[in-house]
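# Geometric and topological summary
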Amino acid sequence: MKKLLFALPFLFLFGSAFAQENIPLIQVEGTSELSIMPDEALMFINLSEKALKVSDATNALNKKTKSIEDALKKTRVSGYTFTVDNYFVNVNRVYSNNSSKDSGYVAAQTIKVRVKIAEQNLVKITEALHQTTDMTYTVQFQVSDALRKSSASKLLELAIADATSKAEVIAKAMGLSKLQVHNVTYTSGNNNYMPVMRNAKAMMAMDISESYQEPTFSLEEQKLNDRVMVSFSFSK
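Just so it is clear, the model here is predicted, and its values are computed rather than measured.

Calculation notes
- Throughout this document, residue positions are counted from 1 along each chain, in the order its sequence is written.
- Side-chain atom pairs in this predicted model are given and counted only at pLDDT of 80 or more, local residue features only at pLDDT of at least 70, and totals for whole chains, interfaces and linings cover all residues.
- To get the side-chain values, all heavy atoms of the structure are used, and hydrogens and water are removed first.
- Strands here mean DSSP runs of E at least two residues long; helices mean DSSP runs of H or I at least four residues long; both are numbered from the N terminus.
- When accessible area is computed with a 1.4 Å probe and restricted to protein chains, residues below 20% of their type maximum are described as buried, those above 50% as exposed, and intermediate ones as partly exposed.
- Contacts between residues were defined by any pair of non-hydrogen atoms, one from each residue, lying within 4.5 Å.
- Any Lys or Arg side-chain nitrogen found within 4 Å of a carboxyl oxygen on Asp or Glu counts as a salt bridge.
- Inter-axis angles, ranging from 0 to 180 degrees, are taken between N-to-C directions of lines fitted to C-alpha atoms, where helices are fitted over the stretch in contact.
- Each angle receives one of four descriptions, namely roughly parallel if under 35 degrees, roughly antiparallel if over 145, roughly perpendicular if within 65 to 115, and oblique otherwise.
- Take the far helix as your reference; a near helix turned counterclockwise from it by less than a right angle gives a left-handed crossing, and one turned clockwise gives a right-handed crossing.
- The classification used treats Ala, Val, Leu, Ile, Met, Phe, Trp, Tyr, Cys and Pro as nonpolar, Asp, Glu, Lys and Arg as charged, and all other residues, Gly among them, as polar.
- Between any two strands, at least two bridges found by DSSP are needed for them to pair.
- We call a set of buried residues a nonpolar core when its members are Ala, Val, Leu, Ile, Met, Phe, Trp, Tyr or Cys and they connect through side-chain atoms within 4.5 Å of each other.

Along the backbone of the protein there are four helices and eight strands. Each helix (α) and strand (β) of the protein, taken in turn from the N terminus, gives the series α-β-β-α-β-β-α-β-α-β-β-β. Within the protein, the fraction of its 236 residues that count as buried is 33%. Contacts spanning at least 24 positions in sequence make up 84% of the contacts within the protein whose residues lie at least 6 apart.

In C-alpha cells form, the structure reads like this:
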C-alpha cells in the first residue's frame with residue numbers, strides 16, 4: 001500500500017508534464033526594425049614615422065600625436081574622446097629586386113577619436129586634422145550606445161506586436177479562437193546594425209590661404225532590429 005501511495009505523486013507529475021507537452025500551440029517569430037540616423041562618428045587616425053634610430057622614430061611619432069591632440073583641443077569641441085592604441089615599432093625592411101634591406105625603423109600607432117556629429121563637431125575636427133600633419137584616417141558613422149539602449153524598448157514592443165498580429169492571422173485563417181500567450185523566448189541584445197565607413201587622406205596645408213573646401217558628410221539611416229519567439233495556446 002505504501003509503495004502504491006509513493007508512486008501516485010510521480011504518476012501525477014508525469015501525467016501533468018505529458019499533458020503540458022501536448023498543448024496545441026501556435027509558435028511565431030515577431031520581428032521589428034527602426035531606421036535611425038547615426039549620432040556619433042568614430043575616427044581612426046593612422047600615424048607612422050621612419051628614422052634610422054628607434055628613439056628618433058618614436059620621438060617623431062610622439063610629436064605628431066601631440067600636435068593632433070593640441071589641434072583638437074583648439075577646436076573647442078566638447079565631449080569627444082581621444083585614445084591611442086596599436087602602438088608598435090618594427091624594422092623598416094625595404095624589398096627590391098627579390099632582396100631585402102634594413103633601413104632604420106618605423107614607429108606607428110592609431111588614434112581613435114569619438115565625437116558627436118551634432119553642431120558641426122565632425123567638420124571642425126576634420127578641418128583641424130587637415131591643417132596639422134599628413135595622415136590617413138577612416139571615419140565610421142554609427143548609432144551610439146545611449147541611442148541604441150533608448151530604442152531597445154520600442155524595438156521589443158514592435159516585435160511583440162508583430163508576433164501577436166501573425167498569430168491572430170493564423171488563428172483566423174484556421175478557424176481557431178481564444179489565443180493566450182503560453183511562452184515567450186527572448187534574448188536581449190539581439191539588435192544589430194552595420195556602421196558606415198568612410199576613408200580619407202589628410203595632407204597638411206602649408207599655406208592656410210590656399211584653396212580649401214569644407215568637408216561634406218552625407219549620412220545614411222542605419223537599421224536597428226530585434227526579434228522574439230512567442231507561443232500561443234488556442235481553442236478549436
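The next point concerns the pattern of salt bridges. Tallied over the entire structure, the rule returns nine salt bridges. With its nearest N and O atoms 3.6 Å apart, the salt bridge here joins Asp 39 to Lys 116. Residue Asp 39 is located in the loop between strand S1 (25-36) and strand S2 (40-51), and its partner Lys 116 is located in strand S4 (residues 99-116); the two are separated by 77 residues in the primary sequence. Residue classification places Asp 39 among the partly exposed positions, given a relative accessible area of 21%. For Lys 116, a relative accessible area of 40% translates into the label partly exposed.

So, about the environment of Gln 131. When you line up the elements, Gln 131 lands in the loop between helix H3 (121-130) and strand S5 (135-142). Spatially, the C-alpha atoms of Gln 131 and Ile 68 are 9.5 Å apart, while their sequence positions differ by 63 residues.

We now examine the packing of helix H2 (residues 54-74) against H3. Two quantities define a packed helix pair, namely the angle between the helix axes and the distance between the axes. Running from amino to carboxyl end, H2 crosses H3 at an angle of 140°, the nearest separation of the two axes being 9 Å. Looking at the two axes, H2 sits oblique to H3. H3 is crossed by H2, and the crossing has right-handed handedness. Note on element contacts: H3 touches H2 through Ile 125, Ala 128 and Leu 129, opposite Ile 68, Ala 71 and Leu 72. By residue class, the composition of the contact of H2 with H3 is six nonpolar, no polar and no charged.

Now for H3. Burial of H3 is extensive: eight of the ten residues sit out of reach of the surface. Considered for burial, the residues of H3 that qualify are Asn 121, Leu 122, Val 123, Ile 125, Thr 126, Ala 128, Leu 129 and His 130.

With twelve bridges joining them, S1 and strand S8 (residues 222-235) adopt antiparallel strand pairing. Residue Glu 33 lies in a different strand from S8, and its bridge partner there is Asn 225.

Here we take up the environment of Phe 44. When you line up the elements, Phe 44 lands in strand S2. A relative accessible area of 23% places Phe 44 in the partly exposed class. It is 5.7 Å that separates the C-alpha atoms of Phe 44 and Ile 111, two residues lying 67 residues apart in sequence.

What follows concerns the nonpolar core. By size, the foremost hydrophobic cluster in this structure holds 25 residues, and its most contacted members are Met 43, Ile 45, Ile 68, Leu 72, Val 113, Ile 125 and Leu 129. Apart from the residues lying within four places of it in its own chain, the contact partners of Ile 68 are Ile 45, Leu 47, Phe 82, Ile 111, Leu 129, Thr 132, Thr 133 and Met 135. If you look at the next biggest cluster of nonpolar residues, it comprises eleven residues, including Val 28, Ala 167, Leu 176 and Val 228.

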